[in-house]
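Notes for the structure review
The chain contents come next:
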Amino acid sequence: MGGIIGIADTMFARYDMGALAERTIKDNGSDIRCIRYTVPGVKDLPVACKKLLEEHDCQIAMALGMPGGKDIDKTCAHEASQGLIHTQLLTNKHIIEVFVHEDERETDKELTKVFEDRIKKHAINALGLLKGKDELRRYAGKGKRQGSKDAKSLG
Amino acid sequence: MGGIIGIADTMFARYDMGALAERTIKDNGSDIRCIRYTVPGVKDLPVACKKLLEEHDCQIAMALGMPGGKDIDKTCAHEASQGLIHTQLLTNKHIIEVFVHEDERETDKELTKVFEDRIKKHAINALGLLKGKDELRRYAGKGKRQGSKDAKSLG
Amino acid sequence: MGGIIGIADTMFARYDMGALAERTIKDNGSDIRCIRYTVPGVKDLPVACKKLLEEHDCQIAMALGMPGGKDIDKTCAHEASQGLIHTQLLTNKHIIEVFVHEDERETDKELTKVFEDRIKKHAINALGLLKGKDELRRYAGKGKRQGSKDAKSLG
Amino acid sequence: MGGIIGIADTMFARYDMGALAERTIKDNGSDIRCIRYTVPGVKDLPVACKKLLEEHDCQIAMALGMPGGKDIDKTCAHEASQGLIHTQLLTNKHIIEVFVHEDERETDKELTKVFEDRIKKHAINALGLLKGKDELRRYAGKGKRQGSKDAKSLG
Amino acid sequence: MGGIIGIADTMFARYDMGALAERTIKDNGSDIRCIRYTVPGVKDLPVACKKLLEEHDCQIAMALGMPGGKDIDKTCAHEASQGLIHTQLLTNKHIIEVFVHEDERETDKELTKVFEDRIKKHAINALGLLKGKDELRRYAGKGKRQGSKDAKSLG
């Protein structure tokens with residue numbers, strides 16, 4: 001079906017999130033093209049995504065970042081998330097936010113696993129949303145998680 | 001009278017919220033059509049609702065989600081709620097937010113009851129708002145609750 | 001001078017706020033017409049007010065609600081307030097927010113008094129703002145309160 | 001050079017902030033005209049300022065308020081501040097926010113001094129910004145404070 | 001390649017942030033012009049940056065500020081940050097936020113080092129973003145920090 005996915009990532013993150021996202025999309029959507037955008041930190045992601053969606057013809061974007069563990073970092077992540085939602089409302093296009101919080105896990109090894117699992121699964125989600133509003137319906141209410149194993153579905 | 005209600009739900013939720021909302025609307029408004037949209041999590045709901053309202057001709061939407069119990073989940077729900085209100089202001093159409101917080105109840109059985117009661121009652125509310133600004137007047141100030149029994153009305 | 005005041009209230013509230021607001025306006029502005037709009041909860045008030053101001057020709061609106069006492073209710077009220085301010089900026093019209101928090105007082109009797117005092121005083125304020133930017137000047141800096149007695153003015 | 005400064009203040013404040021702002025501007029900018037607007041509380045200030053800037057031809061506005069000392073008052077002030085920043089972005093004009101928090105000082109006498117110092121200094125700042133983007137450059141990084149004495153500048 | 005960078009700073013800051021930003025840009029981008037804008041505090045930065053980007057033809061802006069260490073100062077910084085992100089979305093241009101929190105370090109000497117390191121590095125980042133979306137790609141995921149030494153990159 002074709003399509004262009006924008007991938008915005010940061011210098012602040014301690015993992016090359018954009019590279020893995022791009023690789024996953026390439027592996028799972030051979031007709032999809034990626035456009036990259038690297039910014040200093042998560043608060044620079046909203047406008048980068050807006051430019052990818054408006055000036056670089058992307059149909060969807062992924063916003064990749066690693067907020068730090070301090071209070072001020074949590075506030076930055078919150079502001080970035082608000083900006084990413086606002087961007088979607090201004091463009092009528094999806095932005096999949098993939099944030100891995102530095103304090104989610106205790107060791108670098110565990111944190112690396114979160115990066116890998118969350119980025120890969122959300123890259124697949126982006127490909128799904130690109131196909132349309134019904135593509136992810138089969139997972140509705142299934143307790144799907146990114147970065148860990150799925151939760152139990154009720155009833 | 002007819003009409004189209006958009007129903008946006010998530011993969012993250014542990015209950016098939018969209019299915020119950022659709023069933024309730026079908027049972028109570030035989031001339032109403034539903035359009036579904038499934039996204040990964042609650043922060044993806046605002047733009048999904050905006051697209052339902054603007055691109056799929058829905059007159060009203062329901063935004064169904066189950067925020068998790070961690071602090072970060074509370075923040076996500078807050079951001080989603082802000083986005084849903086913003087979406088309504090951009091479209092001049094109602095979005096009924098139906099969020100069930102995973103930590104509202106202690107057991108899966110109790111939580112399931114909250115899902116059922118809140119979704120059903122709010123689906124009925126959506127049908128009411130679709131009829132116009134005076135339809136819900138008879139309940140003004142009556143302490144109506146969704147997910148539990150009603151509160152006592154004063155005076 | 002005439003004019004139309006929009007009155008938006010909720011099913012969630014435990015007091016019939018809209019009725020008292022309408023009665024007070026009728027008693028104090030015989031040439032003013034009221035248009036009512038009832039929604040489920042406070043987060044539905046912003047778009048209801050926007051529709052009153054844009055689609056029903058109201059020059060000003062009152063947004064009446066009773067946020068509950070739990071943390072999640074405080075967050076809802078905050079989101080509603082942000083939406084109400086945003087609505088005013090999009091319409092260039094005033095919305096008088098009249099929120100009575102369920103935990104402001106300990107007994108139903110005291111809470112009822114807050115409802116009555118705050119709604120009546122703010123209905124009068126709405127009539128004042130309808131007359132123009134200078135009508136409330138005489139009260140500038142006077143420590144005026146709604147829901148309790150006024151505070152002491154300095155100097 | 002001429003110009004019009006909008007002055008929005010509140011009935012809630014316990015000090016006649018608008019009067020002192022107007023007097024200070026008159027004393028320091030003999031060719032500047034002031035237009036006043038009084039509203040019930042700080043959350044009514046954003047749209048009042050927007051109307052001053054858009055409908056009353058003001059080039060700049062001052063938003064004067066006294067948030068109370070309770071948690072709910074802090075939230076109100078936060079919402080008002082967000083609205084004031086939003087208003088500036090919608091109008092491309094400055095609004096100088098002059099908020100004196102009721103709990104900044106312990107006695108009425110001390111609080112009165114904060115009102116006087118902050119209002120006077122910010123009225124002068126408004127006159128400066130009216131002259132253009134370079135007028136306040138000489139104070140850049142100088143630790144200037146309003147409501148108390150200046151802080152020490154580094155280096 | 002040429003270009004104009006807007007530099008907005010504050011009177012509140014205790015360090016002449018704008019001067020160092022301008023000097024760094026001059027030293028590293030001989031064909032870049034800077035336009036300065038000084039405002040009272042961080043909450044005045046969003047509209048200053050918007051004017052630099054829209055009325056003074058800047059392609060990018062730096063927003064320089066020093067939030068104080070009190071709770072109210074943290075709230076001000078948060079509001080300013082939200083406004084700066086909003087400004088970027090309205091202009092489709094980057095604003096590099098350079099905030100140094102007064103309580104980040106314990107001594108004036110250490111705080112001065114943070115000012116110097118963060119301002120210089122972010123001025124270089126601004127020059128990079130001016131060149132385009134791929135210029136900073138080589139640093140993606142490298143744990144780059146401004147104001148301290150870089151963090152360790154994973155994998």
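Model, not experiment: these values are computed from the prediction. All residue numbers refer to position in the chain's written sequence, counted from 1. Chain letters and ligand numbers both follow the written order, the letters beginning at A and the numbers at 1. Where local features are concerned, this predicted model is filtered to residues with pLDDT of at least 70; where side-chain atom pairs are given and counted, the filter is 80 or more; whole-chain, interface and lining totals use all residues. Side-chain numbers come from the whole structure's heavy atoms, not from hydrogens or water.

We now examine the overall build of chain A. What counts as a helix is a DSSP run of H or I of at least four residues, what counts as a strand is a run of E of at least two, and both are numbered from the N terminus. A tally of helices and strands in chain A yields 4 helices and 4 strands. In chain A, the order of α-helices and β-strands from amino to carboxyl end is β-α-β-α-β-α-β-α. Atoms considered for the radius of gyration are the C-alpha atoms alone. The globule rule reads 2.2 Å times the number of residues to the power 0.38. In terms of overall dimensions, chain A is globule-like: its C-alpha atoms have a radius of gyration of 15 Å, near the 15 Å expected for 155 residues. The dimensions of chain A, computed from C-alpha atoms along their principal axes, are 40 × 40 × 25 Å.

Reports often express the size of an interface as the amount of accessible area lost when the parts come together. Residue contacts are counted whenever heavy atoms from the two residues lie within 4.5 Å of one another. Counting residues at the interface gives 33 residues for chain A and 39 residues for chain B. Accessible area that two parts lose when put together, with a 1.4 Å probe and added across both, is what the buried area reports. Summing both partners gives a buried area of about 2900 Å² for chain A against chain B, and 59% of it is carried by carbon and sulfur. Broken down residue by residue, the surface that chain A buries against chain B is led by Leu 89, Lys 133 and Leu 154 of chain A, which jointly contribute 26%. Whenever a carboxyl oxygen of Asp or Glu lies within 4 Å of a side-chain nitrogen of Lys or Arg, that contact is scored as a salt bridge. Linking Lys 43 of chain B and Glu 97 of chain A is a salt bridge whose minimum nitrogen-to-oxygen distance equals 2.7 Å.

Residue and element names in this part refer to chain C. Relative to the 16 Å expected for 12 residues at 1.5 Å per residue, helix α1 (residues 17-28) spans 17 Å between its end C-alpha atoms, a close match to the ideal helical length. Relative accessibility thresholds used throughout: buried, under 20% of the residue-type maximum; exposed, over 50%; partly exposed, between the two (1.4 Å probe, protein chains only). Where α1 is concerned, the buried positions are Met 17, Gly 18, Leu 20, Ala 21, Glu 22, Thr 24 and Ile 25. On the buried face of α1, the contacting elements are β1 (4-10), β2 (33-39), β3 (60-65), β4 (95-99) and α4 (108-131). Residue count minus one, scaled by 1.5 Å, sets the expected span of a helix.

In this section: the relation of the copies chain A and chain B. Least-squares superposition of the copies uses the C-alpha atoms of those residues scoring a pLDDT of at least 70 in each of them. For these two chains of identical sequence, chain A goes onto chain B by a turn of 72° and a shift of 0.0 Å along the axis, with RMSD 0.0 Å. The symmetry that links the two subunits is that of a five-fold axis. Counting the interface residues of chain A, we find that no more than 9% of their copies in chain B are interface residues as well, pointing to two distinct contact surfaces.

All names here are of chain E. On the basis of which strands lie adjacent, the open sheet formed by 4 strands has the order β2-β1-β3-β4 and parallel pairing. Looking at the sheet topology across the chains shown, the edges are occupied by β2 (33-39) and β4 (95-99). If you compare each strand with its neighbour and ignore which way they point, the axes differ by 15° on average. What makes two strands pair is DSSP finding at least two bridges between them. Sheet topology note: the strand β1 (residues 4-10)/β2 ladder contains 7 bridges and is parallel. Pairing of Thr 10 across the sheet is with Val 39, part of β2. The strands touched by helix α3 (residues 71-91) are β3 (60-65) and β4; relative to β4, the strand with the most contacts, the crossing angle is about 165°. Across the sheet, helix α4 (residues 108-131) is in contact with β1, β3 and β4; its angle to β4 comes to roughly 175°. In this description, a line fitted to the C-alpha atoms serves as the axis of each element, helices being fitted only across the stretch in contact, and the angle between N-to-C directions of two axes falls anywhere from 0 to 180 degrees.

Looking now at the packing of aromatic side chains. To describe a pair of aromatic rings, one takes the distance between the centres and the angle between the planes. Within 6.5 Å between ring centres, the rings of Phe, Tyr and Trp (the latter by its six-membered ring) count as paired, and their orientation is classed by plane angle as stacked under 30 degrees, edge-to-face over 60, tilted in between. What the rule picks out here adds up to 5 aromatic pairs over all chains. With a centroid separation of 4.7 Å and 10° between ring planes, the pair formed by Tyr 15 of chain B and Phe 115 of chain B is classed as stacked. One end of the pair, Tyr 15 of chain B, is in the loop between β1 (4-10) and α1 (17-28); the other, Phe 115 of chain B, is in helix α4 (residues 108-131), with 100 residues separating them in the sequence. According to the relative accessible area criterion, Tyr 15 of chain B is buried, its value standing at 11%. One cation-aromatic arrangement involves Arg 145 of chain C over Phe 12 of chain D; the distance from NZ or CZ to the ring centre is 3.4 Å. Only when the NZ of Lys or the CZ of Arg is both within 6 Å of the ring centre and within 35 degrees of the ring normal is a charge said to sit over the ring.

Now for the interface of chain E and chain D. If you look at the interface, chain E gives 39 residues, while chain D gives 32 residues. When chain E packs against chain D, close to 2900 Å² is buried across both sides, 59% of that on carbon and sulfur atoms. Sorting the residues of chain E by area buried against chain D places Met 11, Arg 14 and Val 47 of chain E first, and these three jointly supply 25% of that buried surface. Remark: the boundary between chain E and chain D carries 2 salt bridges. With its nearest N and O atoms 2.8 Å apart, the salt bridge here joins Asp 108 of chain E to Lys 152 of chain D. We define a polar contact as two N or O atoms separated by no more than 3.5 Å, with the added condition that, inside protein, one atom must be a possible hydrogen donor and the other a possible acceptor, whereas residues neighbouring each other in sequence contribute only through side-chain atom pairs. If you look at where chain E meets chain D, you find 23 residue pairs in polar contact (both at pLDDT 80 or more). Of all the secondary structure elements, the ones that give two or more residues to the side of chain E that touches chain D are β1, β2, α2 (45-54), α3 and α4 of chain E.

A separate point is the confidence of the model for chain A. The pLDDT value tells you how sure the predictor is about a given residue, anywhere from 0 up to 100. Residues at a pLDDT of 70 or more form 99% of chain A, whose mean pLDDT is 97. Predicted complex metrics record ipTM = 0.97 and pTM = 0.98.

As a further point, take helix α3 (residues 71-91) of chain D. Residues and elements named next belong to chain D. Taking 1.5 Å per residue, 21 residues should reach 30 Å; α3 reaches 31 Å between its end C-alpha atoms and fits that length. Extensive coverage of α3 is indicated by the burial of 16 of its 21 residues. Residue Asn 92 follows α3 closely and has a positive phi angle near 55°.

To continue, consider the arrangement of the chains. Nothing in chain A touches chain D; the tightest C-alpha to C-alpha distance between them is still 13 Å. At the level of C-alpha atoms, the two units chain C and chain E stay apart, their nearest approach being 13 Å.

With respect to the element layout, Lys 133 of chain D can be found in the segment after α4 (108-131). A distance of 3.5 Å separates a polar side-chain atom of Lys 133 of chain D from the backbone oxygen of Arg 36 of chain E. Excluding its chain neighbours within four sequence positions, the residues that come into contact with Lys 133 of chain D are Ile 35, Arg 36, Tyr 37, Thr 38 and His 56 of chain E.

Moving on: the nonpolar core. Among the nonpolar cores identified, the biggest contains 50 residues, and Ile 5, Met 17, Ile 25, Met 62, Phe 115 and Ile 119 of chain C together with Leu 45 of chain D are the most heavily contacted of them. If you tally residues by element for this core, the top one is α4 of chain C, at 9 residues. By nonpolar core is meant a set of buried Ala, Val, Leu, Ile, Met, Phe, Trp, Tyr and Cys residues that side-chain atoms within 4.5 Å join together.

This part covers unusual backbone geometry. Residues and elements named next belong to chain D. Unusually for a residue other than glycine, Asp 57 sits at a positive phi of about 60°. Here Asn 92, not a glycine, exhibits a phi torsion of approximately 55°, which is positive. Here Asn 92 shows up in the loop between α3 and β4 (95-99). Among the residues examined, Asn 92 registers a relative accessible area of 13% and is labelled buried.

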